[in-house]
Amino acid sequence: MNVVVCVKQVPDTSDPDTEVHIDSSGRDVERSKFSFVINDADNYAVEEAILLKEKHGGEVTVVNIGPETANQVIRMALAKGGDKAIRLEDEKFEFSDAVCTARLLASAIKDIEYDIVMTGCIATDDGYTATGVALGQVLGLPHAAYVKSVEVVEEGKLKVGRELEGGIMEMLEIQTPCVLTIQTGINEPRYASFKGIRAASKKEIKLMDLAATGLSEDEAGEAGSKSVMVQYSVPEVGELAEMLEGDAAETSGKLAGILKEKGLV
Amino acid sequence: MDFDLTEEQRMFRQTVREFAKTEIAPHVEELDRAGEFPYEIQEKMADLGIFGLPFPEEYGGTGADLVTYALSVEEISRVSASLGITISAHTSLGALLVYLNGTEEQKQEWLVPMAQGKMLGAFGLTEPEAGSDAGATKTTAALDGDEWVINGTKCFITNSGTRISKMVTITAVTGDRAGKKEISNIIVPHGTPGFTVSPPYRKMGWHISDTHELSFNDCRVPADNLLGDRGAGLKTFLKVLDCGRIGVAALSVGLAQACLDEAVKYAKQRQQFGQPIGKFEAISFRCADMLVEVELARLMTLKAAWLYDREEPYSKEASMAKLFASETAMRAASAAVQIHGGYGYIEDYPVCRYFRDAKILEIGEGTSEVQRLILARNLGL
């Protein structure tokens, strides 16, 4: 069972006190204020890929689009049990939309022998939830999104569970090769062992730039995207909203007063 | 000169940081209140290889360097100083003593399970009347045929009473040599008749670290339980104490960092006089000072560990790091409580625990006074 798992490096916003500031270009956040980590759902995808490998044999290939600093995320996946890695980097990849990102990933994946391609179901930074699904389309493969369980039924066939609203699980059979976008909570991601970390430092991360992908300039980055992110902004406080200032005791008192005044309680 | 960590060191630090945040932090307040040794967490840390970091794989160890060890102790101590000392006392006092001085049989019997984290290492040096004056040891071990007969009391012994504490190495007077006490190290397995572990101390802090008084009453162990050469006890344990100081320094850095983290967080939240208190220089400057001191303490600690890894003399550096880092932790804890005001004095906020956990750092593994004595002697004074 060969699995390709796509991982993204995102700013660590797990601490609720993290402050996010837009940079002067208006098209990015101030990155110097963050530490960077693997996207949460991708972490579960890596674990699921390694679990499948441990059970059924095969290889896990880690694919990433990102700058050199993304190596730490890739190496950690290798330390946990990944075998090979590819990192795509080119300034012409910047501002790729989800479909374009899928095209770039597909260009790296197409030459690998694989049964399953996995991505996380959502990225914690842009929250598009589209890249994995688009990847299924670009590769011309069946796909399942928000996957919460994976089981090999027979050669060429998986049984996967998708988590739906209200806690319902949809079980479906899907032919391989296929693309699965993995939901958090599907497993318990392991910690890399020291031995694994040491071994990972010796594994090669293959680099691919635009030329290596075989794509043309108008198929990558902003030029290759049909939706373009124009600007980030912080919403203005609306007229109908009243922000209450002060500590909890003060604000709860004010809130009670307003509710009473409007006859809502 | 290169201040950069290796990729391996950075990655393992990140792993330990995530582990501490996910597996330890959510339980730490409850554990501290209960004051019980956290076996489940200890086992998980063992799986990660944390109890055998600087030992070779052939002895069950992880095969990391001492810098990686120091980084790991710092990260664990950032969420729990109690667990920091559990690791530090185990590694540098318990296991290292056997690694440096044990016979092959002793290493197989004791070091391997310790490095795997299946057994906790403990070292009994301090006595009711022999603390900083370690040479004043009163515990005796007399050779009777092929057995040592041990009598005496050891106090404040970390890791000595858990269900995975299987032995303690103690220092004991084994005779006289030219009118001077001959001090040796002897391994005493738990369960040996005459070896009693008293109930745990009620400590100011370090509530989930396991600490006991141990007493030996005509306690007989085989002559082979001598660890290292007879009469080499003082020299032997001084060597592991040097390494232990790096552990306690790293622990101090972790605790000081935690104090800084909490102080800054609170300074941003807490509103007084119409603005966050962090906007007042009285608060913000204190945080800035903490930042500088924590970084300094970290650099000194890592330098001592780096020297150890290069097999260069590191005793002075370990002493300086321990002295500065422990006093930094105490100052940082005091500042963090002060910044929290009344809330810092109640257990609902972690800085209260940090403060209780900090004081002992200036006492254990050589008091601040002993460190200054060592350093002054180093200056030829």
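**Q** In this structure, what is going on with the environment of Val28(B)? I would like to understand it.
**A** Residue and element names in this part refer to chain B. Structurally, Val28 can be placed in helix 2 (residues 28–34). Through-space distance from the C-alpha of Val28 to that of Ile208 is 9.0 Å; in sequence the pair is 180 residues apart. Non-local contacts of Val28, meaning those with residues more than four positions away in its chain, are made with Val79, Ser80 and Arg353.

**Q** Where do I start with the sheet that holds strand 7 (residues 143–154) of chain A in this structure?
**A** Across a sheet, paired strands are connected by hydrogen bonds in the backbone, their directions being either parallel or antiparallel. Residues and elements named next belong to chain A. Strand order across the open sheet formed by 9 strands is 9-8-7-10-6-1-4-5-11, with mixed pairing between neighbours. Each edge of the open sheet is held by one strand with a lone partner, namely strand 9 (169–175) and strand 11 (205–208). Averaged over all pairs of adjacent strands, the angle between their axes in this sheet comes to 30°, without regard to strand direction. Bridge count for strand 7 against strand 8 (residues 157–163) is 6 bridges, and the pairing is antiparallel. Its bridge partner lying in strand 8, Glu151 is registered against Lys159. Against the sheet, helix 3 (residues 98–109) engages strand 1 (3–7), strand 4 (60–65), strand 5 (84–88), strand 6 (116–120) and strand 11, with an angle of about 140° to strand 4. Contacting strand 1, strand 6, strand 7 and strand 10 (178–182), helix 4 (residues 131–139) crosses the sheet at an angle of about 175° to strand 10.

**Q** Just to check I follow, could you spell out the packing of helix 4 (residues 66–79) of chain B against helix 7 (residues 233–269) of chain B for this structure?
**A** Residue and element names in this part refer to chain B. Taken N-terminus to C-terminus, the directions of helix 4 and helix 7 make an angle of 40°; their axes are 7 Å apart at the nearest point. If you check the angle between helix 4 and helix 7, you find them oblique. Judged by the sense of rotation from one axis to the other, the crossing of helix 4 with helix 7 is right-handed. Where helix 4 abuts helix 7, its residues Leu66, Tyr69, Ala70, Val73, Glu74, Ser77 and Arg78 lie against Cys243, Ile246, Gly247, Ala250, Leu251, Val253, Gly254, Leu255, Gln257, Ala258 and Asp261. In terms of residue class, the contact of helix 4 with helix 7 is made up of 11 nonpolar, 4 polar and 3 charged.

**Q** Sorry, what's going on with the nonpolar core here?
**A** Within soluble globular proteins, side chains that are nonpolar generally end up buried alongside one another. Of all hydrophobic cores here, the largest spans 134 residues; its most connected members are Met118(A), Leu180(A), Ile24(B) and Met45(B). With 18 residues, helix 7 of chain B is the single largest residue contributor to this core. Those residues in contact with Met118(A) that sit more than four places away from it in its chain are Val3(A), Val4(A), Val5(A), Cys6(A), Ala45(A), Glu48(A), Ala49(A), Leu52(A), Leu180(A) and Ile182(A). Of all hydrophobic cores here, the second largest spans 24 residues; its members include Ile86(A), Ala106(A), Ala134(A) and Leu139(A).

**Q** Hey, could you run me through the pattern of salt bridges in this one?
**A** Two side chains bearing opposite charge may form a pair once their charged atoms approach each other closely. Residue and element names in this part refer to chain B. One pass over the full model with this rule turns up 39 salt bridges over all chains. A salt bridge links Glu29 to Arg353; the nearest nitrogen and oxygen atoms lie 3.1 Å apart. One end of the pair, Glu29, is in helix 2; the other, Arg353, is in helix 10 (residues 350–358), with 324 residues separating them in the sequence. Between Glu262 and Lys265 there is a salt bridge, and its shortest N-O distance comes to 3.8 Å. Highlighted residues: Glu262 and Lys265, both in helix 7, separated by 3 residues, approximately one helical turn. Residue Glu262 is classed as buried on the basis of its relative accessible area, which comes to 16%. You can call Lys265 partly exposed: its relative accessible area is 33%. It is possible to trace a salt-bridge network through shared partners that takes in Arg17, Glu75, Arg78 and Asp261.

**Q** Got a minute to help me understand the packing of aromatic side chains in this structure?
**A** Aromatic rings considered in pairs are described by the distance between their centres and by the relative angle of their planes. Applying the stated criterion across every chain yields a total of 12 aromatic pairs over all chains. Measuring from ring centre to ring centre gives 5.3 Å for Phe194(A) and Phe12(B), while their planes differ by 85°; the resulting arrangement is edge-to-face. In this pair, Phe194(A) sits in helix 5 (residues 194–200) while Phe12(B) sits in helix 1 (residues 7–24), so the two residues belong to two different chains. What makes Phe194(A) buried here is its relative accessible area of 2%. Overall, Phe12(B) belongs to the buried group, its relative accessible area being 0%.

**Q** Quick question: what am I supposed to make of the side chain of Glu23(B) here?
**A** Here Glu23(B) shows up in helix 1. Here Tyr191(A) takes part through its side chain, which lies 2.8 Å from a polar atom of the side chain of Glu23(B). In this structure, Glu23(B) is in contact with Tyr191(A), Ile41(B) and Lys44(B), ignoring residues within four places of it in sequence.

**Q** Can you walk me through helix 8 (residues 281–309) of chain B in this structure?
**A** Residues separated by three or four positions in an α-helix point in the same direction, a consequence of the helix having 3.6 residues per turn. Residue and element names in this part refer to chain B. For helix 8, spanning 29 residues, the distance from its first C-alpha to its last is 41 Å, which sits close to the expected 42 Å at 1.5 Å a residue. Listed in full, the buried residues belonging to helix 8 are Ile283, Cys287, Met290, Val294, Ala297, Arg298, Thr301, Leu302, Ala304, Ala305 and Leu307. Positive backbone phi, at 60°, marks Glu311, one or two positions downstream of helix 8.

**Q** How should a negative patch on the surface be read in this particular structure?
**A** Residue and element names in this part refer to chain B. A cluster of acidic side chains, namely Glu58, Glu104, Glu105, Asp146 and Asp224, defines a negative patch on the protein surface. Examined against the element boundaries, Asp224 turns out to sit in the loop between strand 7 (211–222) and strand 8 (226–227). With relative accessibility at 65%, the residue Asp224 sits in the exposed group.

**Q** Mind showing me how you'd approach the interface of chain A and chain B here?
**A** Note on interface size: it is often stated as the accessible area lost on association of the parts. Contacts between the two partners involve 15 residues from chain A, matched on the other side by 20 residues from chain B. Contact between chain A and chain B buries roughly 1700 Å² in total, counting both sides, with carbon and sulfur atoms accounting for 55%. Counting the surface chain A buries against chain B, the share from its top three residues, Tyr191(A), Phe194(A) and Ile197(A), is 43%. Put simply, chain A and chain B have 4 salt bridges between them. The shortest N-O distance in the salt bridge between Lys195(A) and Glu57(B) comes to 3.7 Å. Of all the secondary structure elements, the ones that give two or more residues to the side of chain A that touches chain B are helix 2 (71–80) and helix 5 of chain A.

**Q** Help me understand helix 9 (residues 315–340) of chain B in this model?
**A** All names here are of chain B. Here helix 9 spans 37 Å end to end across 26 residues, near enough to the 38 Å set by a 1.5 Å rise per residue. Within helix 9, 19 of the 26 residues are buried, leaving the element largely enclosed by the surrounding structure. Two residues or fewer after helix 9 comes Gly341, characterised by a positive phi angle close to 60°.

**Q** Whenever I open this one, the pairing of strand 5 of chain A confuses me. Can you help?
**A** Remember that side chains alternate between the two faces of the sheet whenever the strand is regular. Residue and element names in this part refer to chain A. Counting buried positions over the 5 residues of strand 5 gives 4, a clear majority of the element. Taken together, the 5 bridges between strand 4 and strand 5 define a ladder with parallel strand orientation. If you follow Asn64 over to strand 5, its bridge partner there is Arg87. Handedness of the crossover joining strand 4 and strand 5 through helix 2: right-handed. Relative to strand 11, strand 5 runs parallel, the two being bridged by 4 bridges.

**Q** What is the right way to look at the domain arrangement of chain B in this model?
**A** Residue and element names in this part refer to chain B. According to the domain assignment, chain B consists of domain 1 (7–115), domain 2 (123–229) and domain 3 (235–378). Listed by partner, the interface residues are 24 residues for domain 1 and 21 residues for domain 2. Here domain 1 and domain 2 share 0 salt bridges between them. At the surface where domain 1 touches domain 2, the tally comes to 7 residue pairs in polar contact (both at pLDDT 80 or more). Listed by contribution, the elements that provide at least two residues to the side of domain 1 that touches domain 2 are helix 2, helix 3 (39–47), helix 5 (81–101) and helix 6 (104–115). If one sorts the elements of the side of domain 1 that touches domain 2 by residue count, helix 5 sits on top with 11 residues. By residue class, the composition of the side of domain 1 that touches domain 2 is 13 nonpolar, 9 polar and 2 charged.

Parameters and conventions
- Residues numbered from 1 in each chain as written.
- Chains lettered and ligands numbered in written order.
- Predicted model: local features only at pLDDT ≥ 70, side-chain atom pairs only at ≥ 80, totals over all residues.
- Heavy atoms only, no water.
- Helix = DSSP H or I, 4+ residues; strand = E, 2+ residues; numbered from the N terminus.
- Contact = heavy atoms within 4.5 Å.
- Pairing = 2+ DSSP bridges.
- Axes fitted to C-alpha atoms, helices over the stretch in contact; angles between N-to-C directions.
- Parallel < 35°, antiparallel > 145°, perpendicular 65-115°, else oblique.
- Left-handed = near helix turned anticlockwise from the far one by under 90°.
- Nonpolar A, V, L, I, M, F, W, Y, C, P; charged D, E, K, R; others polar.
- Core = buried A, V, L, I, M, F, W, Y, C linked by side-chain atoms within 4.5 Å.
- Buried < 20%, exposed > 50% of the residue type's maximum accessible area, 1.4 Å probe, protein only.
- Salt bridge = Lys/Arg side-chain N within 4 Å of Asp/Glu carboxyl O.
- Phe/Tyr/Trp six-rings, centres within 6.5 Å; stacked < 30°, edge-to-face > 60°.
- Polar contact = N/O pair within 3.5 Å; in protein donor to acceptor, adjacent residues only side chain to side chain.
- Expected span 1.5 Å × (residues − 1).
- Patch = residues over 30% accessible without salt bridge, like charges linked within 9 Å, V, L, I, M, F, W, Y side chains within 5 Å.
- Areas by Shrake-Rupley, 256 points an atom, 1.4 Å probe, with all protein chains shown as cover.
- Lys, Arg positive; Asp, Glu negative; His and termini not counted.
- Charge placed at Lys NZ, Arg CZ, Asp CG, Glu CD.
- Buried area = accessible area lost by both parts, 1.4 Å probe.
- Right-handed = clockwise from strand over helix to strand, strands pointing away.
- Domains from an automatic or database assignment.

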